[in-house]
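# Structural overview
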Amino acid sequence: MAPTSVRERESGGTRELPRAPAPKPAPEVTRVRAPGSVSARRWALIIAGGYAAGLVGSALGVPSPYLLASLLVGAVLALSGRVRDRLPGPANRTSQALVGALMGSHLTPSALMSAAPSALPLTAVTAATIGLSVAVAWFLARKGRISRPSAVLGMMPGGSAGIVTCADELKADVRLVAFNQYLRVGLVATTAPLLAHWMAGASSSGSAGGGSGSWPGLGLFHPVAGPDQLTGLLTLAAVSVAGVWAGRRLRLPTPALIGPMLAALVATMSGVIPAFAPAGMLQDVVFVLVGMDVGVRFTREALRRVRGLLPSILAGMTAVCLGCAGMAWIFARATGTPLMDAYLATTPGGINAVLASAVSSHGDVALVSTVQSLRLLVVMLVTPMIIRRLTPDRPKPAHAAAPVRDRSRVRP
């Protein structure tokens, strides 16, 4: 038993000293969750709500419903102060990897063979579209109210989900880039079916039904595009993991996105790997995660800033869209491609919305997917290099500073 006093020897005697009182236990600190922080359970409910909003949008005919509806849900939650956190890291990285695998899976050998005769005009149109977008972004940035990285990423044609994920690493304003990209996607995806129907004319009205134009077997619980679901899921997982690993080893920008995209491209071009592209409910959930990650970034301050830039942004979008329409006309005249297919192939919209328009209007899906996917691949690879070339405001190295004389060695 512990003693209650301490004895001290002093001049042959002893005296008892009272023992110091035991320290009081520290008060228990109760962790208070910051306003707007979200637990894993709440995130699951929010994502489920975004998926439900996508179902409603799909029933109402909203273009890219799961992506745009979840983006709207995330923005409303962020603006109301109910959510201030970013999407959890594992969910964000998984969605990036699956989006990359989906991008790379669009390029198939048969699609490339069908587009081979138009390789030279296709390359010219792709380069001209990127050049036009960069030129418009340059003029937007010259006004001084938007940085060059944000302007370039916001005006880049195609690959909205991939472009937005590049914004953080390229020092761009993610909210502004997302606003530009998804506003353009919404406008193009809304007008593309109407313009495609108008361009198709009477030929499209005579082919009702369209059973042959629909994607086969993409049901609610059909997570990959191939017939063998288990093999397709395992292949998708292997492509995603290997792509992320290779992207990090090669130090690619946004390795969780570009790595799986290149791995999926190699797997698709091999012709021996079964179909693995995310489809059905899995693809919808991926777009919900991408849209939610973008939506929760919006704040009132960001919207105030975008509101002031809206006239310039709309003018830039109009210039890019009109330029792409003009290139579509030139591409159609040079290759003999129907104007509707050329327009859908060159329009600067989301690839999934454009492919859906091509299917519903009975267009050349192979040509449209090849042109859009190749441009998407080029955009994702060259955008970081373009931004680094257009951003001269870098800190000067130490050796570039003016030399300082050592006054201690100077004689008086």
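From a predicted model like this one, the values you see are computed outputs, not experimental measurements. (Residues numbered from 1 in each chain as written. Predicted model: local features only at pLDDT ≥ 70, side-chain atom pairs only at ≥ 80, totals over all residues. Heavy atoms only, no water.)

### Comments concerning the overall build of the protein chain
Convention followed: Helix numbering and strand numbering both begin at the N terminus, where a helix is a DSSP run of H or I of at least 4 residues and a strand a DSSP run of E of at least 2. Residue contacts are defined here by distance: any two heavy atoms, one from each residue, within 4.5 Å place the two residues in contact.
Each helix and strand counted, the protein chain has 16 helices and two strands in total. If you take every contact in the protein chain between residues at least 6 apart in sequence, the share linking residues at least 24 apart comes to 74%.

### A short note on helix H10 (residues 229-249)
For the record, the criterion: Here the expected length of a helix is defined as 1.5 Å per residue gap, with one fewer gap than residues. The classification of residues rests on relative accessible area computed with a 1.4 Å probe and restricted to protein chains. Under 20% of the type maximum is buried, over 50% is exposed, and intermediate values are partly exposed. By definition, the arc is the one covered by directions from the helix axis to the C-beta atoms. Throughout this description, a polar contact denotes any pair of N or O atoms lying within 3.5 Å of each other; where both atoms belong to protein, one of them has to be capable of donating a hydrogen while the other can accept it, and for residues adjacent in sequence the pair is counted only when both atoms sit in side chains.
Spanning 21 residues, H10 covers 30 Å between terminal C-alpha atoms, matching the ideal 30 Å at 1.5 Å per step. Listing the buried residues of H10 in full gives Gln229, Gly232, Thr235, Leu236, Val239, Ser240, Gly243, Val244 and Gly247. Buried residues of H10 fall within an arc of 160 degrees about the axis and therefore sit on the same side. Those residues of H10 that are exposed and aimed more than 90 degrees away from the buried face are Leu230, Leu234, Val241, Trp245, Arg248 and Arg249. Against helix H3 (89-104), helix H11 (255-270) and helix H12 (280-295) lie the buried residues of H10. Sitting at the amino-terminal end of H10 is Asp228, which places a side-chain oxygen 3.5 Å from the backbone nitrogen of Leu230. At the C-terminal side of H10, Arg251 shows a positive phi close to 55 degrees.

### Some points on the environment of Leu153
Inspection of the secondary structure assignment puts Leu153 in helix H6 (residues 148-155). The exposure class assigned to Leu153 is buried, which follows from its relative accessible area of 0%. Each C-alpha atom, one on Leu153 and one on Ala137, is 8.4 Å from the other, the two residues being 16 residues apart in sequence. Sequence-distant contacts of Leu153, defined by excluding residues within four places in its chain, comprise Ile163, Ala167, Leu170, Ala172, Val177, Gln181, Thr383 and Ile387.

### Here's the deal with the nonpolar core
Stated formally: Only buried Ala, Val, Leu, Ile, Met, Phe, Trp, Tyr and Cys residues count toward a nonpolar core, and they belong to the same one when joined by side-chain atoms within 4.5 Å.
Counting residues in hydrophobic clusters, the biggest one holds 64 residues, and the most contacted among them are Leu153, Met156, Tyr182 and Met380. The dominant element in this core, judged by the number of residues it contributes, is helix H16 (residues 365-390), at seven residues. If you look at the next biggest cluster of nonpolar residues, it comprises 17 residues, including Phe331, Tyr343, Ala345 and Val368.

### Regarding the packing of H3 against H12
Working note: a packed helix pair is described by the angle between its axes plus the distance between those axes. Where we set the bar: Simply put, an axis is a line fit to the C-alpha atoms, just over the touching stretch for a helix, and the angle between two N-to-C directions goes from 0 to 180 degrees. Angle categories: roughly parallel below 35 degrees, roughly antiparallel above 145, roughly perpendicular from 65 to 115, and oblique for all the rest. Crossing handedness: left-handed means the near helix sits turned counterclockwise from the far one by under a right angle, and right-handed means the same turn made clockwise. As a working rule, the residues Ala, Val, Leu, Ile, Met, Phe, Trp, Tyr, Cys and Pro are called nonpolar, Asp, Glu, Lys and Arg charged, and the rest polar, with Gly in that last group.
The contact between H3 and H12 brings their axes to 9 Å, and the two run at 125 degrees. Judged by the inter-axis angle, H3 sits oblique to H12. As for the relative orientation of H3 and H12, their crossing is left-handed in sense. Note on element contacts: H12 touches H3 through Leu282, Gln283, Val286, Phe287, Leu289, Val290 and Asp293, opposite Ala91, Asn92, Ser95, Leu98, Val99 and Leu102. Residues of the contact of H3 with H12, tallied by class, amount to nine nonpolar, three polar and one charged.

### So, the confidence of the model for the protein chain
Rules: pLDDT is defined as a per-residue confidence score from the predictor, taking values between 0 and 100.
On average, residues of the protein chain score 75 in pLDDT, and 73% of them reach the 70 mark or higher. Confidence, read as mean pLDDT per element, is least for helix H9 (residues 202-205) in the protein chain (41) and greatest for H10 (92). Within the model, the stretch residues 27-33 combines pLDDT values under 50 with two contacts to residues more than four positions away or in other chains. Contacts for the low-pLDDT stretch residues 202-218, under 50 throughout, to residues beyond four places or in other chains number 10 contacts.

### So, the environment of Gln181
In this fold, Gln181 is placed in helix H8 (residues 174-200). Note: C-alpha distance between Gln181 and Ile163 (18 residues apart in sequence) is 8.2 Å. Engagement of the side chain of Gln181 in a polar contact is seen with the backbone oxygen of Met156, the distance being 3.0 Å.

### Considerations on a nonpolar patch on the surface
Rules: Two distance rules govern patches: like charges are joined within 9 Å, and nonpolar side chains (Val, Leu, Ile, Met, Phe, Trp, Tyr) within 5 Å, applied only to residues with over 30% relative accessible area and no salt bridge. Per-residue and other accessible areas follow the Shrake-Rupley method at a 1.4 Å probe size, with only the shown protein chains counted as cover for residues. A pair is scored as a salt bridge if a Lys or Arg side-chain nitrogen falls within 4 Å of a carboxyl oxygen belonging to Asp or Glu.
Together, Val56, Leu60 and Val62 make up an exposed nonpolar region whose accessible area comes to about 280 Å². Secondary-structure assignment places Val62 in the loop between helix H1 (40-59) and helix H2 (65-79). Accessibility expressed as a relative area gives 34% for Val62, which makes it partly exposed.

### Let's talk about the side chain of Ser70
Checked against the element boundaries, Ser70 lands in helix H2. In this structure Ser70 comes out as buried when scored by relative accessible area, which is 0%. Within the local environment of Ser70, its side chain forms a polar contact with the backbone oxygen of Tyr66, the two atoms lying 2.7 Å apart. Within polar-contact distance, the side chain of Ser70 engages the backbone oxygen of Val288 at 3.3 Å. If sequence neighbours within four positions are ignored, Ser70 has contacts with Gly50, Pro65, Phe287, Val288, Gly291 and Met292.

### Some points on H11
Given 3.6 residues per turn, any residue in an α-helix points the same way as the ones three and four places further on. With 16 residues, H11 should reach 22 Å at 1.5 Å per residue; the first-to-last C-alpha distance of 22 Å fits that figure. Pro255, Ala256, Leu257, Ile258, Gly259, Pro260, Met261, Ala264, Leu265, Ala267 and Thr268 are the residues of H11 that are buried. Within two residues after H11, Gly271 carries a phi angle of roughly 75 degrees, on the positive side.

### Observations concerning the environment of Ser312
Mapping Ser312 onto the fold places it in helix H13 (residues 300-335). The exposure class of Ser312 is buried, given its relative accessible area of 18%. Spatially, the C-alpha atoms of Ser312 and Phe139 are 9.6 Å apart, while their sequence positions differ by 173 residues. In contact with Ser312, not counting residues within four places along its chain, are Leu140 and Lys143.

### Points about the packing of H3 against H10
It is the contact of H3 with H10, at a shortest axis distance of 9 Å, that shows an interaxial angle of 105 degrees. Classed by the angle they form, the pair H3 and H10 counts as roughly perpendicular. Contacts between H3 and H10 involve Arg93, Ala97, Leu98 and Ala101 on the former and, on the latter, Leu236, Ser240, Val244 and Arg248. A class-by-class count of the residues in the contact of H3 with H10 yields five nonpolar, one polar and two charged.

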